[in-house]
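As a plain string of letters, each chain reads:
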Amino acid sequence: MRYAPVILLLALTACGASNEARFLIDPPAASAEIPVRVSTIEVREASLPAYAAAVEIAQADETGALRNIEDTLWADDPVRGVTMAFARSLDDATSATVAAEPWPLAEPAQARIELRVERMLAKADGMFEFTGQYAIAAPDGALRERVRRFAIQTQIDGTGPAAIAAASGRAIAELAQTVAAELRR
């Protein structure tokens, strides 16, 4: 029985060890900066459907069923990952200072963007579908408030989770360009 603590420690260590591949949502940098009518923008926490908010990377099969890709995970909590990737992409795409909530500066942001994702899905046909709506709020009246729908389709270049992660990053960057154009001076 003197080996019982050692065996228990090894068993607990083995349970905590995980070798799943983890993938980042990493949008490409914007090619040009768009001058916008506000100098600061807060990005609220993104709302994702349950399957997209899960840490497992899912893909639709030919029947439309969503299946987790074995031994693969998102590297970050998907809600946080999408929120941060969108904020970074919008910061790259605009002349404004952009940060995800909670807003880190003493002076409130001039505009707030809220992102509600309906679909964030790798489809069996090799396309990545990213749809939903975004709202632009301006508590101080710095710009006209509005709600817009978006529907972005990007090609998944290759197969597997790395290709899905890359397509999701491109879709988020495309949405940031769309929002930046809405905020143009």
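Summary of the structure given here.

Reading the values: the criteria
Residues numbered from 1 in each chain as written. Predicted model: local features only at pLDDT ≥ 70, side-chain atom pairs only at ≥ 80, totals over all residues. Heavy atoms only, no water. Helix = DSSP H or I, 4+ residues; strand = E, 2+ residues; numbered from the N terminus. Areas by Shrake-Rupley, 256 points an atom, 1.4 Å probe, with all protein chains shown as cover. Lys, Arg positive; Asp, Glu negative; His and termini not counted. Charge placed at Lys NZ, Arg CZ, Asp CG, Glu CD. Pairing = 2+ DSSP bridges. Axes fitted to C-alpha atoms, helices over the stretch in contact; angles between N-to-C directions. Contact = heavy atoms within 4.5 Å. Patch = residues over 30% accessible without salt bridge, like charges linked within 9 Å, V, L, I, M, F, W, Y side chains within 5 Å. Salt bridge = Lys/Arg side-chain N within 4 Å of Asp/Glu carboxyl O. Buried < 20%, exposed > 50% of the residue type's maximum accessible area, 1.4 Å probe, protein only. Phe/Tyr/Trp six-rings, centres within 6.5 Å; stacked < 30°, edge-to-face > 60°. Core = buried A, V, L, I, M, F, W, Y, C linked by side-chain atoms within 4.5 Å. Polar contact = N/O pair within 3.5 Å; in protein donor to acceptor, adjacent residues only side chain to side chain.

Quick look at the overall build of the chain
Looking only at helices and strands, one finds four helices and eight strands in the chain. Along the chain, helices (α) and strands (β) appear in the sequence α-β-β-α-β-β-α-β-β-β-β-α when read from the amino end. Seen through its principal axes, the chain has C-alpha atoms that stretch 70 × 45 × 25 Å. Per element, the accessible surface of the chain, about 10,100 Å² overall, is 52% carbon and sulfur. Looking at the chain, you have 18 positive and 25 negative side-chain charges, and the mean spots of the two groups are 4 Å apart.

Some thoughts on the sheet that holds strand β8 (residues 146–155)
Adjacent strands of a sheet form backbone hydrogen bonds with each other and so pair up, either parallel or antiparallel. As summarised here, the arrangement of the five strands in space is β5-β2-β6-β7-β8, forming an open sheet in which the pairing is mixed. For this open sheet the edge positions go to β5 (97–100) and β8, each flanked by a neighbour on one side alone. Taking each pair of neighbouring strands and ignoring which way they run, the sheet shows an average axis angle of 25°. Here four bridges tie strand β2 (residues 40–43) to β5, and the two strands are oriented parallel to one another. By the bridge assignment for β5, Thr-40 is matched with Thr-97. Here helix α3 (residues 78–93) sits on the sheet and contacts β2, β5 and β6 (111–122); the angle it forms with β5, its principal contact strand, is near 180°.

Observations regarding a negative patch on the surface
Together, Glu-20, Glu-56, Glu-70 and Asp-71 give the surface a local cluster of negative charge. Within the fold, Glu-56 resides in strand β3 (residues 56–60). Residue Glu-56 is classed as partly exposed on the basis of its relative accessible area, which comes to 30%.

Digging into the packing of aromatic side chains
The relative placement of two aromatic rings is captured by the distance of their centres and the angle of their planes. Enumeration according to the criterion identifies two aromatic pairs in this entry. Plain terms: the ring middles of Phe-130 and Phe-150 are 5.1 Å apart, the flat faces sit at 50° to each other, and that makes the pair tilted. Of this pair, Phe-130 sits in strand β7 (residues 127–137) while Phe-150 sits in strand β8, placing them 20 residues apart in sequence. Given the relative accessible area of 1%, Phe-130 is considered buried. An aromatic cluster of three or more residues is present, and its members are Phe-130, Tyr-134 and Phe-150.

Thoughts on the nonpolar core
Within the largest apolar cluster, 49 residues are counted, with the highest numbers of intra-cluster contacts made by Phe-86, Leu-90 and Phe-130. Listing elements by their share of this core, those giving two or more residues are β2, β4 (66–74), α3, β5, β6, β7, β8 and α4 (161–182). When sequence neighbours within four positions are dropped, the list of residues in contact with Leu-90 reads Ile-41, Val-43, Val-98, Ile-113, Ala-176, Val-179 and Ala-180.

What to know about the side chain of Thr-154
Relative to the assigned elements, Thr-154 resides in strand β8. From its side chain, Thr-154 meets the backbone oxygen of Ala-167 in a polar contact 3.4 Å long. Those residues within four positions of Thr-154 in sequence are excluded, and the remaining contacts are Gly-126, Met-127, Phe-128, Ala-167, Arg-170, Ala-171 and Glu-174.

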